[in-house]
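Read off the chains here:
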Amino acid sequence: MGTNGSTMLEPLRQGLPPLDPAAVSNAASCALPARYEAVREARLFTRRTLDQWDIGDRFDDVCLVVSELVTNSLRHGLPVGSLCTAEQTPPVRLHLMRWTERLVCAVRDPSHASPVAREADDFSAESGRGLFLVDSFADGWGWHPMAGTLGGKVVWALFQLPHTPQPLPAE
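Conventions and cut-offs
- Residues numbered from 1 in each chain as written.
- Predicted model: local features only at pLDDT ≥ 70, side-chain atom pairs only at ≥ 80, totals over all residues.
- Heavy atoms only, no water.
- Helix = DSSP H or I, 4+ residues; strand = E, 2+ residues; numbered from the N terminus.
- Buried < 20%, exposed > 50% of the residue type's maximum accessible area, 1.4 Å probe, protein only.
- Phe/Tyr/Trp six-rings, centres within 6.5 Å; stacked < 30°, edge-to-face > 60°.
- Lys NZ or Arg CZ within 6 Å of the ring centre and 35° of its normal.
- Salt bridge = Lys/Arg side-chain N within 4 Å of Asp/Glu carboxyl O.
- Contact = heavy atoms within 4.5 Å.
- Core = buried A, V, L, I, M, F, W, Y, C linked by side-chain atoms within 4.5 Å.
- Pairing = 2+ DSSP bridges.
- Axes fitted to C-alpha atoms, helices over the stretch in contact; angles between N-to-C directions.

The topology assignment puts Thr46 in helix H1 (residues 37–52). Its relative accessible area of 0% is what places Thr46 among the buried residues.

Below, the structure is given as structure tokens:
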């Protein structure tokens, strides 16, 4: 173990969670504008998507984490002054991906800076607790830089889903 002052919130790994992308059973994404109203849009999108996938029972935890990840991207992942400007390409994108027993929420933004959890000793502070909430409500989280021409980074959170036996297809 290094003594570089890393906190308990240091993501376990950079990169995507250990899930086979080919095994995704459902995936949905939405582009979010550079406005704080985007957090509400992200929550509505998450509610609709989880209901469609019949996993609405996890909505409260997932929605809280989605709200924090999107807020962090808007607050820290955009160039200074770009919030509220009408850019051609929405700079933040929310991805929801579902495997049989797992759900991943991933938020992409144009910043290359790693997400940093600030010390949360002051629980009356208005901001700075977002990643502590993500760490508390998700079953795992991490981030990785985007490859290629896209640039930026993706911050993801993983949720375990209860195992529900799939009905056998009728023959």
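Counting through the fold element by element, Arg43 comes out in helix H1. Sequence separation between Arg43 and Val70 is 27 residues, and the spatial gap between their C-alpha atoms is 9.6 Å.

Further remarks concern the packing of aromatic side chains. Throughout the structure, instances matching the rule amount to 0 aromatic pairs. Taking NZ or CZ as reference, Arg47 lies 3.7 Å from the ring centre of Phe59, over its face.

Moving on to the pattern of salt bridges. Following the criterion strictly, the structure yields 4 salt bridges and no others. The salt bridge involving Glu37 is made with Arg35; its shortest N-O contact spans 3.0 Å. Under the relative-accessibility criterion, Glu37 is labelled partly exposed at 46%. When its relative accessible area of 36% is taken as the criterion, Arg35 is described as partly exposed. In this structure, the salt-bridge partner of Arg58 is Asp61, at a minimum N-O distance of 3.6 Å. Looking at Arg58, the relative accessible area reads 16%, which means it is buried. The partly exposed category is assigned to Asp61, whose relative accessible area is 26%.

Attention shifts here to the side chain of Thr49. Relative to the helices and strands, Thr49 is located in helix H1. Every residue in contact with Thr49, bar those within four places of it in the chain, is listed here: Ala28 and Leu96.

Further remarks concern the nonpolar core. Core analysis: the largest hydrophobic core is formed by 34 residues, its most contacted members being Leu32, Val66, Val70, Leu94, Leu103, Ala157 and Phe159. Those elements that place two or more of their residues in this core are strand E1 (26–32), H1, helix H2 (59–76), strand E2 (92–98), strand E3 (102–109), helix H3 (130–137), strand E4 (140–145) and strand E5 (153–160). In terms of residue count, the dominant contributor to this core is H2 (8 residues). Apart from the residues within four sequence positions on either side, Leu94 is in contact with Ala28, Ser29, Cys30, Leu32, Ala42, Phe45, Thr46, Val66, Ala106 and Val107. Listed in part, the 7 residues of the second largest apolar core include Trp99, Val154, Trp156 and Leu158.

Before going further, it helps to spend a moment on the sheet that holds E2. Strand order in the open sheet formed by 5 strands is E1-E2-E3-E5-E4, with antiparallel pairing between adjacent strands. Whereas interior strands pair on both sides, the edge strands pair on one side only; in this sheet they are E1 and E4. Taking each pair of neighbouring strands and ignoring which way they run, the sheet shows an average axis angle of 15°. Where E4 lies against E5, 6 bridges are found, and the strand directions are antiparallel. Bridge pairing in E5 links His144 to Val154. Contacting E1, E2, E3 and E5, H2 runs over the sheet at an angle of about 15° to E3.

No statement about biological role is implied by the geometric values presented.
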